[in-house]
Every structure is written in C-alpha cells, then in structure tokens.
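# Topology and contacts: notes
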Amino acid sequence: MKMLKLLLLFVILGLGVVTTVMYSGIVDVAADEPHSDFVYWILEETRENSIKKAAENIEVPDLDVPDLLLTGGSDYEFMCSSCHLAPGQTESDMSLGLYPAPPNLTIAAESHKGHEHGDGAQNDRKNFWVIKHGIKASGMPAWGKTHDDQRIWAMVAFIKRLPTLTPEQYQVLTAVD
Amino acid sequence: MKTALLKKASKVALVLIPTITLSMAATAHDPSMHVKKAEKADCSKMDHSKMDMTDPVAIAMMKKCMKQAEKSNDKMDHSKMSKEMDHSKMKKMTDKNEKKDDHDEH
C-alpha cells in the first residue's frame, strides 16, 4: 500500500513537472536554436528505429527502369530539390533554414553523418516509406496523400541514382516534356 | 573638431549599416531565387559515344531527348504551310553556293 502511494506521488509529481514545462514557455522551439546533443540523439534514434520498423516489410520493385527515372526526375525537381538539393548545389534557403536539416540527397547515403543506412534494398524501403508518410514536425510532407505508390517508387528510383548524376544529366532527366 | 568628426562618422554609420543590412536581406530573398522554371531538356551536351546504352540513366536521357525532338517536329504543321506559302513569289530555288561543274571535258 505504501509502495502504491509512493508510485502515485511520483506520477503526480511527473505530471506536474510536464505541465509546468508545457505552460511556462521555457522550451525554445526556434528552428535556429539547435537541440542539445542528448535531445538530438534521443529524437534521431526514435525516428530512425520507427522508420526501420515501419518499412521492414515493404517489397521493393525493380527500380532500374528508365521510365521511372523520367517520372521520378521531374517530381524530384519540383517537390524535393529545394530542400534535398540538386547536383552541383551545396545549399539552399530551405536546407539552411529547416531543423533538423534535410539530408543532401545528391551525396551517397553512406556519406550522411549521424546514422546508419543499411543495404541498398533497406534504403529503398526507408525512402519509400518516408516519401509516402512524411515525418512529423520535420518539414517532410506525406506525399502519399496526393501521389500513388507507383509515382513514389519512381522518386525512390531517381533518388537512388541521384548521387551518380552530373548536373547535365540531372537537367535532362528532370526537364519538362 | 574631433567630436564633430566622431559625430559625423557615427551618423554615416547609422545610415550605412541598416542600408547595407537591408539590401543584403533583400538579395537573399529575391523571389526569382525561389521560382522553379519549367526548362526544356538541354540535349546538346549529350555525347552519344561516351554513353553506355545499357545504363538506365542513358536510356532515360535518350528517351527524353527523342520525345522532345518529336514534339518540336509536331509543332511545325506542314499541311498548313503548303497553303500559306506562295511559292510563285519565292526566288528561284537555286542555291548560290551550288558548285557548278565548269569543266567541259568528258
């Protein structure tokens, strides 16, 4: 009984602390003020493990289809490049202003700092899931609300080849018909 | 004398610093930087000899450029052209650069 009372006290105290933090306004939500390393690590680990688990059963189709690169290319240019950049570009207003910073998809996944990416198929699955469902409070939209799976796979196919593209190849693949 | 000079310098700084800061901000947010222009594919730089035609990227590029070339051909409506073009008013179709065969030995 004494133990239960103590537990109840801790729960009430915890709720009190959370409520105080919420309503006092002491948490800085500014995007130009980074999290501490510890908070960043907690959020990143939570995000990466959530995506990995949610995407583990997705079946990856054949992505080496030229038509997928054409569809995915023009979609990437208009929907993604302002944040995730294009070959020859190192930064944009969006890539500098968003927090957490959107990954630069013109460089190979293995080169991204911070977290592991797994093998090619696992990476494709993760990219598909992220494009389709988006990520809460990160600036990444859920494109699945307006785009079918085939179109999202086309973007995944394009993103897979993106680090190998020259600016000239990128221009041709992403240009309008 | 010194104080007058200091006052003048601080006045100039007061005007210049906000002006430069504001003009830099205006440059950074030039709307043209955010506009996505629908560009046509620039196929002139494609070097077919260096392209691996088994590579999906090369095939996709070829497809895009061929499609673009077909579209630009379609824009030229030859059926309308023949009606509107008055061949009688045109100069005789002799090419000035045509090489004439001057030799008469055969």
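In this text, all values refer to a predicted model and were calculated from it rather than measured experimentally. (Residues numbered from 1 in each chain as written. Chains lettered and ligands numbered in written order. Predicted model: local features only at pLDDT ≥ 70, side-chain atom pairs only at ≥ 80, totals over all residues.)

### Some remarks on the overall build of chain B
What counts, and what does not: Only DSSP runs of H or I reaching four residues or more are called helices, and only runs of E reaching two or more are called strands; each is numbered from the N terminus.
Check the secondary structure of chain B and you find 3 helices and 0 strands. Sequence-ordered secondary structure for chain B, helices as α and strands as β, is α-α-α.

### Let's talk about the overall build of chain A
Just so we agree on the cut-off: Here the globule rule is a power law, 2.2 Å times the number of residues to the power 0.38, and the radius of gyration is based on C-alpha atoms. Contacts are defined on C-beta atoms placed from the backbone: any two residues whose C-beta positions lie within 7 Å are in contact.
Of regular secondary structure, chain A possesses 8 helices and 0 strands. When its helices and strands are written in sequence order, chain A yields α-α-α-α-α-α-α-α. Against the globule reference of 16 Å for 177 residues, chain A gives a C-alpha radius of gyration of 20 Å, more extended than a compact globule. Taken along the three principal axes of its C-alpha coordinates, chain A extends 70 × 35 × 30 Å. Across chain A, contacts joining residues at least 24 apart in sequence account for 67% of those joining residues at least 6 apart.

### Structural notes on helix 1 (residues 2–24) of chain A
We apply this condition: A helix is expected to span 1.5 Å multiplied by its residue count minus one. Every C-beta atom is placed from the backbone, and the number of other C-beta atoms within 10 Å of a residue's own sets its class: buried at 20 or more, exposed at 12 or fewer, partly exposed in between.
The end-to-end C-alpha distance of helix 1 of chain A is 33 Å, a good match for the 33 Å that 23 residues give at a rise of 1.5 Å each. Counting buried positions along helix 1 of chain A gives 0 out of 23 residues, so the element sits mostly on the surface.

### Quick word on the interface of chain B and chain A
The cut-off we apply is this: For this scheme, ten residues count as nonpolar: Ala, Val, Leu, Ile, Met, Phe, Trp, Tyr, Cys and Pro. Four count as charged, namely Asp, Glu, Lys and Arg, and the remainder, Gly too, count as polar.
Taken together, the contact between chain B and chain A spans 18 residues of the former and 16 residues of the latter. Partitioning the side of chain B that touches chain A into residue classes produces 9 nonpolar, 1 polar and 8 charged.

### What to know about the environment of Lys-126 of chain A
Residue and element names in this part refer to chain A. Residue placement: Lys-126 occurs in helix 6 (residues 120–133). Residue Lys-126 is classed as buried on the basis of its 21 C-beta neighbours within 10 Å. For the pair formed by Lys-126 and Leu-165, sequence separation is 39 residues and the distance between their alpha carbons is 21 Å.

### Remarks on the confidence of the model for chain B
Residues and elements named next belong to chain B. Note the cut-off: The predictor attaches a confidence to each residue, called pLDDT, with possible values from 0 through 100.
For chain B, the mean per-residue pLDDT works out to 68, and 42% of the residues sit at or above 70. Here helix 3 (residues 78–84) stands out as the least confident element of chain B, with mean pLDDT 54; helix 2 (residues 56–75) is the most confident, with 88. In this model residues 93–100 is a low-confidence stretch, pLDDT under 50, and it forms 0 contacts with partners more than four residues away in sequence or in other chains. This prediction of the complex comes with two scores: 0.73 for pTM and 0.80 for ipTM.

### Let's talk about the nonpolar core
Note the threshold: Remark: nonpolar core denotes a set of buried Ala, Val, Leu, Ile, Met, Phe, Trp, Tyr and Cys residues whose joining runs through C-beta atoms within 7 Å.
Leu-69, Trp-153, Met-155, Val-156, Ala-157 and Phe-158 of chain A are the most contacted members of the largest nonpolar core, which totals 30 residues. At the level of secondary structure, the elements contributing two or more residues to this core comprise helix 3 (66–79), helix 6, helix 7 (149–161) and helix 8 (167–174) of chain A together with helix 2 of chain B. With 8 residues, helix 7 of chain A is the largest single contributor of residues to this core. Setting aside its immediate chain neighbours within four residues, Val-156 of chain A contacts Leu-63, Asp-124, Asn-127, Phe-128 and Ile-131 of chain A.

### Points about unusual backbone geometry
Residues and elements named next belong to chain A. The residue after Tyr-99, namely Pro-100, is reached through a cis peptide bond having omega 0°. On the secondary structure map, Pro-100 appears in the loop between helix 5 (93–97) and helix 6. Even without being a glycine, Ala-137 presents a positive backbone phi close to 50°. Turning to its location among the elements, Ala-137 is positioned in the loop between helix 6 and helix 7. With 8 C-beta atoms packed within 10 Å, Ala-137 lands in the exposed category.

### Remarks on helix 8 of chain A
The buried count for helix 8 of chain A comes to 6 of 8 residues, which makes it a mostly enclosed element. Within the sequence span of helix 8 of chain A, burial applies to Gln-169, Tyr-170, Gln-171, Val-172, Leu-173 and Thr-174 of chain A.

### Observations concerning the environment of Leu-63 of chain A
All names here are of chain A. Of note, Leu-63 is situated in the loop between helix 2 (37–55) and helix 3. Accessibility expressed as a C-beta count within 10 Å gives 21 for Leu-63, which makes it buried. Taking the C-alpha atoms as reference points, Leu-63 and Ile-159, separated by 96 residues in sequence, lie 10 Å from one another. Other than its neighbours up to four places away in sequence, Leu-63 contacts Leu-68, Asp-124, Trp-153, Val-156, Ala-157 and Lys-160.

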